[in-house]
Amino acid sequence: DAGVIQSPRHEVTEMGQEVTLRCKPISGHDYLFWYRQTMMRGLELLIYFNNNVPIDDSGMPEDRFSAKMPNASFSTLKIQPSEPRDSAVYFCASSAREARGGYTFGSGTRLTVV
Amino acid sequence: GIQVEQSPPDLILQEGANSTLRCNFSDSVNNLQWFHQNPWGQLINLFYIPSGTKQNGRLSATTVATERYSLLYISSSQTTDSGVYFCAVRARGSSNTGKLIFGQGTTLQVKP
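Nothing here was measured: the structure is a model prediction, and the numbers come from that model.

**Let's talk about the nonpolar core**
Alright, step 1. Counting residues in each nonpolar core, the largest one holds 23 residues, and the members touching the most others are Trp34, Leu72 and Val89 of chain B.
Alright, step 2. Among the secondary structure elements, those contributing two or more residues to this core are strand 2 (10–14), strand 3 (19–25), strand 4 (29–37), strand 5 (43–48), strand 7 (59–64), strand 8 (69–74), strand 9 (83–91) and strand 11 (106–111) of chain B.
Alright, step 3. Beyond its immediate chain neighbours, meaning those up to four positions away, Val89 of chain B contacts Ile2, Val4, Phe25, Val29, Asn31, Leu32, Lys99, Leu100 and Ile101 of chain B.
Alright, step 4. Formed by 21 residues, the second largest nonpolar core is a distinct cluster that contains Val4, Leu21, Leu32 and Phe65 of chain A.

What follows is the structure, given as structure tokens:
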């Protein structure tokens, strides 16, 4: 298995632009998580899905953030409009049923909003 | 919500030394994981260990769930062990069955 695949690896965009981050989880994993990592706040859970259904989006900062999982093999995290404070590394992770056996993280997307 | 506290926050070792990293948590858990974030930013799952002891090469981990702590042991450290070590937990009885809460991490530097 190729693991959790995220794209792009790096994204530089101007304030106000729309940004879309993509994630392909490990085949057969039922859970998908989006995390954001910053120096100030560490690793924060933004949203997670179980069987493609959003379960907890309480970590999504505000309405500018949205996430979808149209099928078991693909998820997107969208920021519209982007702001400089959104600059961070965004990680996607997946796990098997009930999160047992551990998470597998993707390589992350480093987002810079200028 | 559950609190996760890791210590020490920073650690510098000479290559070949041993170390122990600690994770304390404020409530009963049914899921605990240790991760290593290497200097390139990749997060690697080291152990899934809600209780008991596991070993993987030079690394081992022990979780004493009744006393609400977990320890990560690194023996004969190597420069490639450098990075940040995170502990992450899920509270027992949590209504959000998948939600892991991460500690702030221990930053380890191993010098040659």
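**Side note on the state of the cysteines**
Alright, step 1. Under the counting rule described, the total for this entry stands at two disulfides over all chains.
Alright, step 2. Between the sulfur atoms of Cys23 of chain A and its disulfide mate Cys92 of chain A the distance is 1.9 Å. Handedness here is read from the sign of the S-S torsion; for Cys23 of chain A and Cys92 of chain A, about -65°, the answer is left-handed. Pair noted here: Cys23 of chain A is in strand 3 (residues 19–24) and Cys92 of chain A is in strand 9 (residues 88–95), with a separation of 69 residues, a long-range link.
Alright, step 3. The buried category is assigned to Cys92 of chain A, whose relative accessible area is 0%.
Alright, step 4. A sulfur-sulfur distance of 2.0 Å marks the disulfide that ties Cys23 of chain B to Cys87 of chain B. Of note, the bridge from Cys23 of chain B to Cys87 of chain B carries an S-S torsion of about -60° and is left-handed in sense. Of this pair, Cys23 of chain B sits in strand 3 while Cys87 of chain B sits in strand 9, and the two are 64 residues apart along the sequence. Like Cys87 of chain B, Cys23 of chain B is buried.

**Notes on the pairing of strand 11 (residues 109–113) of chain A**
All names here are of chain A.
Alright, step 1. Going residue by residue along strand 11, you find Thr109, Leu111 and Val113 tucked away on one face and Arg110 and Thr112 left uncovered on the opposite face.
Alright, step 2. Bridging between strand 2 (residues 10–13) and strand 11 involves four bridges; their strand directions are parallel. Bridge pairing in strand 11 places Val12 opposite Thr112.
Alright, step 3. Sheet topology note: the strand 9/strand 11 ladder contains three bridges and is antiparallel. Across the sheet, the residue bridging to Ala88 is Leu111, located in strand 11.

**Quick look at the side chain of Asp86 of chain A**
Residue and element names in this part refer to chain A.
Alright, step 1. Within the fold, Asp86 resides in the loop between strand 8 (74–79) and strand 9.
Alright, step 2. Note on Asp86: relative accessible area 2%, which makes it buried.
Alright, step 3. A polar contact is formed between the side chain of Asp86 and the side chain of Arg64, at a distance of 2.6 Å.
Alright, step 4. Looking at Asp86, its side chain comes within polar contact range of the main-chain nitrogen of Glu83, at 2.8 Å.
Alright, step 5. When residues no more than four places from it in sequence are discounted, the contact partners of Asp86 are Arg36, Arg64, Phe65, Ile79, Pro81, Leu111 and Val113.

**Let's talk about the packing of aromatic side chains**
Alright, step 1. Across all of its chains, the model carries 14 aromatic pairs over all chains by this definition.
Alright, step 2. Considering the side-chain rings of Phe105 of chain A and Phe102 of chain B, the 6.1 Å spacing of their centres and the 80° angle between planes classify their relative orientation as edge-to-face. With Phe105 of chain A in strand 10 (residues 104–105) and Phe102 of chain B in strand 10 (residues 101–102), this pair bridges two chains. Across the pair, exposure class does not vary: Phe105 of chain A and Phe102 of chain B are buried alike.
Alright, step 3. Measuring from centroid to centroid gives 6.2 Å for Phe86 of chain B and Phe102 of chain B, while their planes differ by 75°, and the two rings are edge-to-face. Placement of Phe86 of chain B in strand 9 and of Phe102 of chain B in strand 10 is noted, with a sequence separation of 16 residues between them.
Alright, step 4. By relative accessible area, which is 7% here, Phe102 of chain B ends up buried.
Alright, step 5. These aromatic residues form a ring-pair network of at least three members: Tyr31, Phe33, Tyr35, Tyr48, Phe91, Tyr103 and Phe105 of chain A together with Phe35, Phe86 and Phe102 of chain B.
Alright, step 6. Over the face of the ring belonging to Tyr69 of chain B we find Arg22 of chain B, whose NZ or CZ atom lies 4.2 Å from the ring centre.

What counts and what doesn't
- Residues numbered from 1 in each chain as written.
- Chains lettered and ligands numbered in written order.
- Predicted model: local features only at pLDDT ≥ 70, side-chain atom pairs only at ≥ 80, totals over all residues.
- Heavy atoms only, no water.
- Core = buried A, V, L, I, M, F, W, Y, C linked by side-chain atoms within 4.5 Å.
- Buried < 20%, exposed > 50% of the residue type's maximum accessible area, 1.4 Å probe, protein only.
- Helix = DSSP H or I, 4+ residues; strand = E, 2+ residues; numbered from the N terminus.
- Contact = heavy atoms within 4.5 Å.
- Disulfide = S-S within 2.5 Å.
- Pairing = 2+ DSSP bridges.
- Polar contact = N/O pair within 3.5 Å; in protein donor to acceptor, adjacent residues only side chain to side chain.
- Phe/Tyr/Trp six-rings, centres within 6.5 Å; stacked < 30°, edge-to-face > 60°.
- Lys NZ or Arg CZ within 6 Å of the ring centre and 35° of its normal.

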